[in-house]
Amino acid sequence: MSSHLPVPELLRGTLDAMILRTLDRGPSHGYAIARAIERASRGDLLIEEGSLYPALHRLLKRGDLSAEWRITETGRRARYYSLSAQGISHLADELRLWAKVSAAVSRVLAPGPARTDGPAPGGLAEIYGAFTKATLAAAGSEAPREVPA
Amino acid sequence: MIASLRQKFAPLLPLRSEERSAIDCEIALELAHHLESLKSDLISQGHSPTDAAAEAARRFGPADAHAGACRDIALKEHRMWQKIQIALILILSLALAASLTVSLSMSRQQSALAEALQAQADIFRAQAQTSARRTEDAAASAAIKSSLDGGVPGADRQLQGLVYITGLVARPGPYSLPTTNLTLWRAVISAGGVSAEGKLRVTLTRADAKPGESPAAFTIEGASAPAEDPILRPGDVVSVMRE
């Protein structure tokens with residue numbers, strides 16, 4: 001297991017998509033969304049948890065989400081967000097876009113034919129091997145897997 | 001009805017302070033719930049409460065900044081509308097000030113115009129008075145001429161110069177000389193006649209009299225003409241005095 005990674009600049013725009021995808025499993029409050037993203041990414045993606053809230057409020061304002069205050073299992077008051085019809089439509093758009101972009105980036109970064117001037121230097125061969133394994137694993141995983149407790 | 005309208009135009013209406021504090025309160029509650037939940041989970045994972053609080057704060061990031069960002073999103077329309085309202089008020093006040101300035105300067109111009117017209121009217125009035133006076137003068141001189149013509153209307157009014165009648169006559173002064181022959185005695189009568197009783201002496205000083213030459217003198221008494229009644233010429237001076 002690699003250490004926590006801050007969400008890279010490239011991935012910032014995908015925070016909205018990750019929130020929408022998480023809420024597609026059912027209404028949830030901000031803290032639960034943060035934990036769900038952490039679990040789904042197996043701890044590889046570390047978002048600054050406070051930054052979830054401006055994103056949630058923006059999606060709420062845009063009409064992708066609705067919100068209501070409820071009492072949690074632990075007896076606290078929390079604001080629960082749920083997907084609106086418009087949010088579902090936007091999630092579909094985001095998923096299509098992400099599939100296209102990630103496939104395109106993977107094609108560029110994927111290991112190509114072997115070098116003609118000898119073996120790849122600096123341990124690149126090893127990294128290519130790991131990359132292939134990870135890509136195959138990702139392609140095989142339909143649903144996000146839960147990190148074993 | 002009113003409630004639904006209010007909801008529809010909510011972003012356009014000024015935000016009441018209780019609405020504003022309700023928004024702030026909701027944001028604060030939401031963020032506090034997150035931090036408390038995170039801290040509880042960290043404690044249950046074996047962190048000390050102090051460590052858990054510090055770790056929760058680190059993972060959450062700057063809470064004030066996040067709360068501020070949420071408030072900005074919630075109040076975005078209101079802020080934008082407020083800015084538009086302020087801009088509109090500014091534009092309207094500027095337009096009002098400009099129109100006031102224009103109307104003030106216009107009224108100033110109008111009063112200046114009125115003064116100019118008044119001055120022009122005064123000038124016209126003065127000119128009218130002058131011309132009336134001239135008309136009166138002309139009428140007066142016409143009367144004189146008529147009298148010199150022997151009071152005959154329509155007589156030849158062409159003038160050929162002045163004669164001066166002085167001394168004991170009713171209206172001494174210069175008289176225009178008509179083209180018809182005017183005699184000494186008729187000139188005296190034109191000047192209103194003699195203004196004294198008894199024997200009077202009338203002298204006639206010709207305009208072309210040589211220096212030292214004594215004027216011709218005639219004696220008159222009452223309303224009768226002198227024995228000799230010469231015809232006057234331009235520049236002659238007629239004096240009536242006591243013997």
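Residues numbered from 1 in each chain as written. Chains lettered and ligands numbered in written order. Predicted model: local features only at pLDDT ≥ 70, side-chain atom pairs only at ≥ 80, totals over all residues.

## Some thoughts on the overall build of chain B
Reasoning step 1: Within chain B, the secondary structure is distributed over five helices and five strands.
Reasoning step 2: Ordering the α and β elements of chain B from the N terminus gives α-α-α-α-β-β-α-β-β-β.
Reasoning step 3: Taken over 243 residues, chain B has a buried fraction of 15%.
Reasoning step 4: Restricting the contact set of chain B to residue pairs at least 6 apart, pairs at least 24 apart contribute 59%. (Helix = DSSP H or I, 4+ residues; strand = E, 2+ residues; numbered from the N terminus. Buried ≥ 20, exposed ≤ 12 C-beta atoms within 10 Å, placed from the backbone. Contact = placed C-beta atoms within 7 Å.)

## What to know about the sheet that holds strand β2 (residues 28-29) of chain A
All names here are of chain A.
Reasoning step 1: Strand order across the open sheet formed by three strands is β2-β5-β4, with antiparallel pairing between neighbours. A single partner strand is all that each edge strand has here, and the edge strands are β2 and β4 (65-71).
Reasoning step 2: Bridge analysis of β2 against strand β5 (residues 77-83) gives two bridges, and the strand direction is antiparallel. Note that in β5 the partner of His29 across the bridge is Tyr80. (Pairing = 2+ DSSP bridges.)

## Some remarks on the environment of Arg233 of chain B
All names here are of chain B.
Reasoning step 1: Tracing the backbone through its elements, the reader meets Arg233 in the loop between β4 (216-221) and β5 (237-242).
Reasoning step 2: The sequence separation of Arg233 and Leu184 amounts to 49 residues, and the corresponding C-alpha distance is 9.8 Å.
Reasoning step 3: The contacts of Arg233, once residues within four sequence positions are left out, are Arg206 and Ala207.

## Quick word on the pairing of β4 of chain A
Residue and element names in this part refer to chain A.
Reasoning step 1: Relative to β5, β4 runs antiparallel, the two sharing seven bridges. Counted as the bridge partner of Glu68 is Tyr80 from β5.
Reasoning step 2: What sits between the antiparallel neighbours β4 and β5 is a turn of five residues, in which Gly75 has the positive phi angle 85°.

## A look at the packing of helix α1 (residues 15-23) of chain A against helix α3 (residues 52-62) of chain A
Each pair of packed helices can be described by the angle between their axes along with the distance between the axes.
Residues and elements named next belong to chain A.
Reasoning step 1: Between α1 and α3, the shortest axis-to-axis distance is 10 Å and the interhelical angle comes to 75°. Classed by the angle they form, the pair α1 and α3 counts as roughly perpendicular. For the pair formed by α1 and α3, the contact residues are Leu15, Asp16 and Ile19 on the first element and Ala55, Leu56 and Leu59 on the second.
Reasoning step 2: Split into classes, the residues belonging to the contact of α1 with α3 amount to five nonpolar, no polar and one charged. (Axes fitted to C-alpha atoms, helices over the stretch in contact; angles between N-to-C directions. Parallel < 35°, antiparallel > 145°, perpendicular 65-115°, else oblique. Nonpolar A, V, L, I, M, F, W, Y, C, P; charged D, E, K, R; others polar.)

## Considering the interface of chain B and chain A
Reasoning step 1: If you look at the interface, chain B gives 17 residues, while chain A gives 15 residues.
Reasoning step 2: Broken down by secondary-structure element, the contributors of at least two residues to the side of chain B that touches chain A are α2 (17-44), α3 (49-60) and α4 (63-148) of chain B.
Reasoning step 3: Of all the elements, α2 of chain B adds the most residues to the side of chain B that touches chain A, at seven residues.
Reasoning step 4: Here the side of chain B that touches chain A is composed, by residue class, of ten nonpolar, five polar and two charged.

## Structural notes on the nonpolar core
Reasoning step 1: Grouped together as the largest cluster of nonpolar side chains are 25 residues, with contacts concentrated most on Ile19, Leu23, Ala34, Leu52, Leu56 and Leu65 of chain A.
Reasoning step 2: Among the secondary structure elements, those contributing two or more residues to this core are α1, α2 (30-40), α3 and β5 of chain A together with α2, α3 and α4 of chain B.
Reasoning step 3: Top contributing element to this core by residue count: α3 of chain A, with five residues.
Reasoning step 4: Every residue in contact with Leu56 of chain A, bar those within four places of it in the chain, is listed here: Ile19, Gly30, Leu65 and Tyr81 of chain A.
Reasoning step 5: Grouped together as the second largest cluster of nonpolar side chains are 18 residues, Val188, Leu200, Val202 and Val238 of chain B included. (Core = buried A, V, L, I, M, F, W, Y, C linked by C-beta atoms within 7 Å.)

## Remarks on unusual backbone geometry
Residue and element names in this part refer to chain A.
Reasoning step 1: For Arg42, which is not glycine, the phi dihedral falls at a positive 55°.
Reasoning step 2: Within the element layout of this structure, Arg42 appears in the loop between α2 and β3 (45-46).
Reasoning step 3: Using a count of 13 C-beta atoms within 10 Å as the deciding quantity, one classes Arg42 as partly exposed.

## Concerning the packing of α1 of chain A against α2 of chain A
Residue and element names in this part refer to chain A.
Reasoning step 1: Between α1 and α2, the shortest axis-to-axis distance is 10 Å and the interhelical angle comes to 100°. With respect to α2, the axis of α1 lies roughly perpendicular. On the side of α1, the interface is formed by Met18, Ile19 and Thr22, while α2 contributes Ile33, Ala36 and Ile37.

## Some thoughts on the confidence of the model for chain B
Residue and element names in this part refer to chain B.
Reasoning step 1: Averaged over every residue, the pLDDT of chain B is 83; the share at 70 or more is 88%.
Reasoning step 2: Mean pLDDT across the secondary structure elements of chain B bottoms out at helix α1 (residues 2-8), with 69, and peaks at α3, with 93.
Reasoning step 3: For residues 151-157, every residue scores under 50 in pLDDT, and the model assigns this stretch eight contacts once sequence neighbours within four places are set aside.
Reasoning step 4: Confidence estimates for the predicted assembly give a pTM of 0.53 and an ipTM of 0.74. (pLDDT = per-residue confidence, 0-100.)

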